[in-house]
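Structural features, examined
Spelled out from the first residue to the last, the chains are:
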Amino acid sequence: MSGSDHGKINTVISAWLCIAIGSAVVLYSGSSPFSLALAAPISIAGVVLLVFGIGMKNEESVDYKIIKNWEPESDLLPDAGGPMYRIDTTLVEPIRTSVLCGRCGNVHWSEGGRPHSFVCPICEIELWRDEEE
Ligand SMILES: [Zn+2]
């Protein structure tokens, strides 16, 4: 378990403790204005912490999944007088690059970053070639 996971669990536990203490104050002291004034902020803090703690955890795993599983839609790009293409490189390891050929809509995956040149394997058209330095 990583350090950040531990921190999130601590946040959730503190949140439940706040709610429990807030509820206990009301239960044992009755619903007098004084105990409510004491319990309400503790309970609210607990709810806020809980939402924050759970939200933090979910948000991160969902984001990670989206990045991990994301791939471009296979769609046709308008032909603007030359071969159109779209290059997307993943943000997380393993680094892979997808090339969407605008002519046939084929998405080709390759390992690593953007290649220096690319020929679509379907329509055998050179989509780009970097100038030699
Ligand atoms: Zn193609």
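No experiment lies behind these values; they were computed from the predicted model shown.

**Focus: the overall build of the chain**
Within the chain, the regular secondary structure consists of two helices and five strands. Going through the 133 residues of the chain one by one, you find that 20% of them count as buried. Summing over all exposed atoms, the chain offers an accessible surface of approximately 9300 Å²; the carbon and sulfur share of this is 62%.

**Quick look at a nonpolar patch on the surface**
Side chains of Ile9, Ile13, Leu17 and Ile21 sit close together on the surface and give an oily, nonpolar patch of about 340 Å² of accessible area. Looking at where Ile21 falls in the secondary structure, it is placed in helix 1 (residues 3-29). Here Ile21 falls in the partly exposed class, since its relative accessible area comes to 44%.

**A closer look at unusual backbone geometry**
The amide bond that connects Glu93 to the next residue, Pro94, takes the cis arrangement and shows omega of -5 degrees. For Pro94, the location among the structural elements is in the loop between strand 1 (85-89) and strand 2 (96-101).

**What about the nonpolar core?**
With six residues, the main nonpolar core is built from Val99, Cys101, Phe118, Cys120, Leu127 and Trp128. Residue assignment for this core shows that the elements contributing at least two residues are strand 2 and strand 5 (126-129). Residues in contact with Phe118, not counting those within four places in the same chain, are Val99, His108, Ile125, Glu126, Leu127 and Trp128.

**A few points about the coordination of the zinc ion**
Surrounding the zinc ion are the protein donor atoms Cys101 (SG), Cys104 (SG), Cys120 (SG) and Cys123 (SG), at 2.2 to 2.3 Å. The site at the zinc ion holds four donor atoms, and with the angles between them running 103 to 119 degrees, its shape is tetrahedral. In this structure Cys104 comes out as partly exposed when scored by relative accessible area, which is 31%.

**With respect to the pattern of salt bridges**
Within the structure shown, the criterion is met by three salt bridges. Across the pair Arg86 and Asp88 runs a salt bridge whose closest N-O atoms are separated by 3.3 Å. In this structure, the salt-bridge partner of Arg114 is Asp130, at a minimum N-O distance of 3.1 Å. Residue Arg114 is found in the loop between strand 3 (107-111) and strand 4 (117-119), and its partner Asp130 is found in the segment after strand 5; the two are separated by 16 residues along the sequence. For Asp130, a relative accessible area of 30% corresponds to the partly exposed category.

**Regarding the environment of Pro121**
Tracing the backbone shows Pro121 in the loop between strand 4 and strand 5. Under the relative-accessibility criterion, Pro121 is labelled partly exposed at 46%. With 13 residues separating them along the chain, Pro121 and His108 place their C-alpha atoms 8.2 Å apart. In this structure Pro121 touches Asn106 and His108, once residues within four positions along its chain are discounted.

Procedures and definitions
- Residues numbered from 1 in each chain as written.
- Predicted model: local features only at pLDDT ≥ 70, side-chain atom pairs only at ≥ 80, totals over all residues.
- Heavy atoms only, no water.
- Helix = DSSP H or I, 4+ residues; strand = E, 2+ residues; numbered from the N terminus.
- Buried < 20%, exposed > 50% of the residue type's maximum accessible area, 1.4 Å probe, protein only.
- Areas by Shrake-Rupley, 256 points an atom, 1.4 Å probe, with all protein chains shown as cover.
- Patch = residues over 30% accessible without salt bridge, like charges linked within 9 Å, V, L, I, M, F, W, Y side chains within 5 Å.
- Salt bridge = Lys/Arg side-chain N within 4 Å of Asp/Glu carboxyl O.
- Core = buried A, V, L, I, M, F, W, Y, C linked by side-chain atoms within 4.5 Å.
- Contact = heavy atoms within 4.5 Å.
- Donors = N, O, S within 2.8 Å, 3.2 Å for Na, K, Ca; no water.
- Tetrahedral: all angles 85-135°; square planar, octahedral: opposite > 155°, others 65-115°.

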